[in-house]
Amino acid sequence: MRIMFILIKIFQNLNFWTWQFLFGTQKTQGGAYVHSDRLTVTSPVLMWVKALDMILEKMKSSGFNFAQVRALSGAGQQHGSVYWKKGSIQTLKNASPELPLHQLLKACFAVSNSPIWMDSSTASQCSNLEKAVGGAQRLAAITGSRAYERFTGNQIAKIYSQNPEVYTQTERISLVSSFAASLFLGAYAPIDYSDGSGMNLLQIWEKVWSASCLDACAPGLEEKLGSPVPSHSVLGSISPYYIQRYGFSPDCKVVAFTGDNPASLAGMRLQEGDIAISLGTSDTLFLWIQEPTPALEGHILCNPVDSQTFMALLCFKNGSLMRERIRDDCASGSWDEFSKALSSTVAGNNGNLGFYFDVMEITPEAVGIHRFNSDNQKVSDFPKEVEIRALIEGQFMAKRIHAEKLGYKVMPRTRILATGGASHNKKILQVLSDVFNAPVYTIDTANSACLGSAYRAIHGLVAETNVSLADVVKLAPEPRLAVTPTTGAEELYRPLLKRYAELEQKVIYNPTSCPVK
């Protein structure tokens, strides 16, 4: 287990590479290069390859025994794409172990700088895609999401439109995850169902590419993408390059890589009905859903550990920074005072509700501070302790409302798994538990995508025998129970949730196509 975990961490490190990296005349910050239009954001492909070289070399020099690794998998940042130049498959297959990989592959990419998740330059492509299939809701029904600027189909459409010769030179398009798997496999790795469902191209129900979406983006696209595969698929044995250069066993298997968010679901060991909430700079919800209802907000993805079910993802920009701002304004910058204020006010806040968006929110599309009293009248301010409770209750009510719009249902067995900075504050967790009427557990896994990739590597070895991921990781440490719902919480919050959803319509920003995450 430990051996697999250490190895899997390699590719998670690539996702969040924090060096200032210089390639040619472009200097990246945090691994990304923001272009002059402030909309286009890319990362150098060779930066990722060189990062892998460096980490493997450090592991080798430290005496790490690669021969003990039975299987590996990994996670890549979602929505990034890599464009392999014609003929690159031969270079990849015949890589000489005498040279580092970034030197061998330097001429293999038709696009040297990959579009990544921060890019927001494809508004026209998003509009075209939605029109081609019958509208934003129809696209969401097919692919799990409306058109988003960072999604791969729209990025491909932009490249084809602006640089058709580059598109013609491309023989294979990978996601960051399948690109990473390709490096270890020594061949073009297929895209897995889960990461593939973040492209606006995959029919999430049938798990095949959508012909209408492909045709709307670029000609001959299906051949360049290859066929998608289940996320637990064993793709083959590791490339001879790694056997000869690092001493891997020829029997080491490569399990399909997936996106960082799906890998986090695996790392948190979600089960049906569970919710994982990451309370960080942005607040993110991962949901295990049996029967989703795709909407114009949030995302439905194929479940990375159970191909018969789905995961939903909701992201809220105004997370910890918003909480910290209200803490500074209303509690003298002290979390202890903040917690005391929460305790001094009653659940439900006597009907006072608030919406707190310092920056344009994703879900819903709204900005500004909006306060309403118990008569639904807008007011300019609240007492400090009321403000604090309105913020926390509002953040969690929004999460429950939008999760239920995607088809989520709180069940008697539902657990909320909380992680991130605010998960250490028991008073905040109590509000979360009351709003959802479910127990809250805490988990300490800082690198859930790394750990999830390690779990998936183990699972891939036995998945074809119908062994579940839960069976594979049943001896792993259990999350710790933090709080349980207060008696009567469901009856108290049910009408407040209805009011909150109705008031939300008053503060929603006029939506535009392709909201940026």
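Residues numbered from 1 in each chain as written. Predicted model: local features only at pLDDT ≥ 70, side-chain atom pairs only at ≥ 80, totals over all residues. Heavy atoms only, no water.

S.K.: What am I meant to see in the pattern of salt bridges here?
M.R.: When charged atoms on two side chains of opposite charge get close, those side chains can pair. On inspection of all chains with the given rule, the structure shows 17 salt bridges. For R323, the salt bridge identified is with D283, shortest N-O distance 2.8 Å. Here R323 is found in helix 15 (residues 320-330), whereas its partner D283 is found in strand 16 (residues 283-289), with 40 residues between them in sequence. Residue D283 is classed as buried on the basis of its relative accessible area of 0%. Each of R400, E404, E490 and R494 takes part in a single network of salt bridges with overlapping partners. (Salt bridge = Lys/Arg side-chain N within 4 Å of Asp/Glu carboxyl O. Helix = DSSP H or I, 4+ residues; strand = E, 2+ residues; numbered from the N terminus. Buried < 20%, exposed > 50% of the residue type's maximum accessible area, 1.4 Å probe, protein only.)

S.K.: Looking at this structure, I do not really get empty space enclosed by the protein. What am I missing?
M.R.: One water molecule sets the probe size; rolling that probe over the atoms shows where empty space is left. For the structure shown, the criterion picks out 5 cavities of 30 Å³ or more. When its volume is computed, the largest cavity comes out at roughly 130 Å³. Lining the largest cavity are 16 residues, with Y356, F357, E361, Q395 and A398 sitting closest to its centre. Looking at the lining of the largest cavity, the elements that each hand over two or more residues are strand 19 (353-357), helix 17 (384-405) and helix 21 (489-507). Per element, the largest residue contribution to the lining of the largest cavity is 5 residues, and it comes from helix 17. When the residues that make up the lining of the largest cavity are grouped by side-chain class, the tally is 8 nonpolar, 5 polar and 3 charged. (1 Å grid on protein atoms, 1.4 Å probe; cavity = no way out; pocket = protein on both sides within 12 Å on 5 of 7 lines; lining within 4 Å. Points joined across faces, edges and corners; volume = space filled by probe spheres on them. Nonpolar A, V, L, I, M, F, W, Y, C, P; charged D, E, K, R; others polar.)

S.K.: What is the right way to read the sheet that holds strand 4 (residues 41-44) from this model?
M.R.: Adjacent strands of a sheet form backbone hydrogen bonds with each other and so pair up, either parallel or antiparallel. Across the sheet, which stays open at both edges, the 3 strands sit in the order 3-4-8 with antiparallel pairing between neighbours. Every interior strand has two partners, whereas the edge strands, strand 3 (33-34) and strand 8 (113-115), have only one. The pairing of strand 4 with strand 8 spans 3 bridges and is antiparallel. The partner of S43 across the bridge, within strand 8, is S114. Its contacts with the sheet place helix 2 (residues 45-61) against strand 4 and strand 8, and it is angled at close to 40 degrees to strand 4. (Pairing = 2+ DSSP bridges. Contact = heavy atoms within 4.5 Å. Axes fitted to C-alpha atoms, helices over the stretch in contact; angles between N-to-C directions.)

S.K.: Quick question: what am I supposed to make of helix 5 (residues 123-133) here?
M.R.: Structural remark: α-helix, 3.6 residues per turn; residues separated by three or four positions point the same way. Taken as a whole, helix 5 has its buried residues at Q125, C126, L129, E130 and V133. Buried residues in helix 5, looked at end-on, bunch into an arc of 130 degrees, giving them a common side. Note on helix 5: the residue one or two positions beyond its end, G134, has a positive phi of about 105 degrees. (Arc of directions from axis to C-beta.)

S.K.: Explain the nonpolar core here, please?
M.R.: Buried together is how nonpolar side chains tend to be arranged in soluble globular proteins. Of all hydrophobic cores here, the largest spans 87 residues; its most connected members are I156, L201, L221, L225 and F338. Not counting residues within four places of it along the chain, the set of residues in contact with L221 comprises I156, Y167, I173, L201 and L214. Counting 42 residues, the second-largest nonpolar core is a separate cluster that includes L52, L183, F248 and F257. (Core = buried A, V, L, I, M, F, W, Y, C linked by side-chain atoms within 4.5 Å.)

S.K.: Honestly, the confidence of the model for the protein in this entry has me stumped. Any pointers?
M.R.: Of all residues in the protein, 93% have pLDDT values of 70 or greater, and the mean over the chain is 91. Every residue in residues 1-25 scores below 50 in pLDDT, and together they form 76 contacts with partners more than four places removed in sequence or on other chains. Contacts of residues 510-517 to residues separated by more than four positions or lying in other chains number 31 contacts, the stretch itself having pLDDT below 50. (pLDDT = per-residue confidence, 0-100.)

S.K.: Which parts of the structure should I look at to understand the packing of helix 5 against helix 6 (residues 136-143)?
M.R.: How two helices sit against one another is set out by the angle between their axes and by the gap between those axes. As a packed pair, helix 5 and helix 6 sit with axes 7 Å apart at the nearest point and diverge in direction by 80 degrees. With respect to helix 6, the axis of helix 5 lies roughly perpendicular. For the pair helix 5 and helix 6, the contacting residues are L129, E130 and V133 in the first and A136, R138, L139 and I142 in the second. The residue inventory of the contact of helix 5 with helix 6, partitioned by class, reads 5 nonpolar, no polar and 2 charged. (Parallel < 35°, antiparallel > 145°, perpendicular 65-115°, else oblique.)

S.K.: How should I be thinking about the pairing of strand 9 (residues 170-175) in this particular structure?
M.R.: In the case of a regular strand, side chains alternate between the two sheet surfaces. The element strand 9 is largely enclosed, with a buried count of 5 among its 6 residues. As defined by bridge partners, strand 7 (residues 81-85) adjoins strand 9 across 5 bridges and the pair is classed as antiparallel. Bridge pairing in strand 9 links Y83 to I173.

S.K.: Where do I start with the sheet that holds strand 5 (residues 71-72) in this structure?
M.R.: Strand order in the open sheet made by the 3 strands is 5-13-12, with mixed pairing throughout. In this open sheet, the two edge strands, each paired with only one partner strand, are strand 5 and strand 12 (234-237). Looking at chain direction, strand 5 and strand 13 (residues 253-255) are connected through 2 bridges and run parallel. Paired with L72 across the two strands is V254, which belongs to strand 13. Set on the sheet, helix 19 (residues 448-462) makes contact with strand 5, strand 12 and strand 13; between it and strand 13 the angle comes to about 110 degrees.

S.K.: Can you walk me through the state of the cysteines in this structure?
M.R.: The bond known as a disulfide is covalent and runs between the sulfur atoms of two cysteines. Considering all chains together, one arrives at 0 disulfides under this definition. Distance from the sulfur of C213, which forms no disulfide, to the nearest cysteine sulfur (C217) is 6.8 Å. On the accessibility criterion, C217 (4% relative accessible area) is buried. (Disulfide = S-S within 2.5 Å.)

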